[in-house]
Amino acid sequence: MTSGAVCAAPGDKVPDPAAAAVWGLARSAQSEHPDRIVLVDLDGDRASAEALLPVLAATTEPQLALRAGQAHAARLVRSTTADGLPVPAHDDASPLAAGLRRHRHPRQPLRRRLPRGGRAAGRGADPGSRSGPRASTSAT
């Protein structure tokens, strides 16, 4: 049980970042033991404290927030606004494209190329070769 760790309604603020961190840690433990841990966040209202036991007895929700005696559970809903996140502009002036341009041959297309054999450089070199991550040296 925490107090002030999560936002349950529009306009809610998270007054206690430490409690939010505890909530996140408890969620990690809950993902490993989903039927053993129930998370509840209270708002400090007396009505919420009084509603705690009846709400826990009546619900199977794994995570709840009680605000003024009312239980709130997280739900995913479809966005009702037409405008979403803006699509980032992709042009040759972007830092990624500039970095790729700097590390390629002038006639090489701007895409990732793998060395012969289909493996990235430095990973899984030929086991028979003496140069690479699997190379070993022995004293004779």
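Preceding this paragraph is the structure being described.
Residues numbered from 1 in each chain as written. Predicted model: local features only at pLDDT ≥ 70, side-chain atom pairs only at ≥ 80, totals over all residues. Heavy atoms only, no water.

Engineer: Can you walk me through the side chain of Thr2 in this structure?
Structural biologist: Mapped onto the fold, Thr2 is located in strand 1 (residues 2-3). Look past the residues within four positions of Thr2 in its chain and what remains in contact with it is Ala19, Val22, Trp23, Val40, Asp41 and Leu42. (Helix = DSSP H or I, 4+ residues; strand = E, 2+ residues; numbered from the N terminus. Contact = heavy atoms within 4.5 Å.)

Engineer: Got a minute to help me understand the sheet that holds strand 4 (residues 70-72) in this structure?
Structural biologist: By definition, the strands of a sheet pair up through backbone hydrogen bonds, in either a parallel or an antiparallel sense. Pairing is mixed in the open sheet, where 4 strands are placed in the order 1-2-3-4. The open sheet terminates on both sides in strands that have one partner only, identified here as strand 1 and strand 4. Here strand 3 (residues 63-67) pairs with strand 4 via 3 bridges, running antiparallel. Each bridged residue has a counterpart across the sheet, and for Ala65 the counterpart in strand 4 is His72. (Pairing = 2+ DSSP bridges.)

Engineer: I would appreciate a short explanation of helix 1 (residues 17-32) in the present structure.
Structural biologist: Since there are 3.6 residues in each turn of an α-helix, residues three or four apart along the chain are aligned in direction. The first and last C-alpha atoms of helix 1 sit 23 Å apart over 16 residues, in line with the 22 Å expected at 1.5 Å per residue. Of the residues making up helix 1, those classed as buried are Ala19, Trp23 and Gln30. Angularly, the buried residues of helix 1 cover 45 degrees about the axis, an arc narrow enough to put them on a single face. The exposed set on the far side of helix 1, more than 90 degrees from its buried face, consists of Pro17, Ala21, Leu25, Ser31 and Glu32. Lining the buried residues of helix 1 we find strand 1, strand 2 (39-42) and strand 3. (Expected span 1.5 Å × (residues − 1). Buried < 20%, exposed > 50% of the residue type's maximum accessible area, 1.4 Å probe, protein only. Arc of directions from axis to C-beta.)

Keep in mind these values describe shape, not function.
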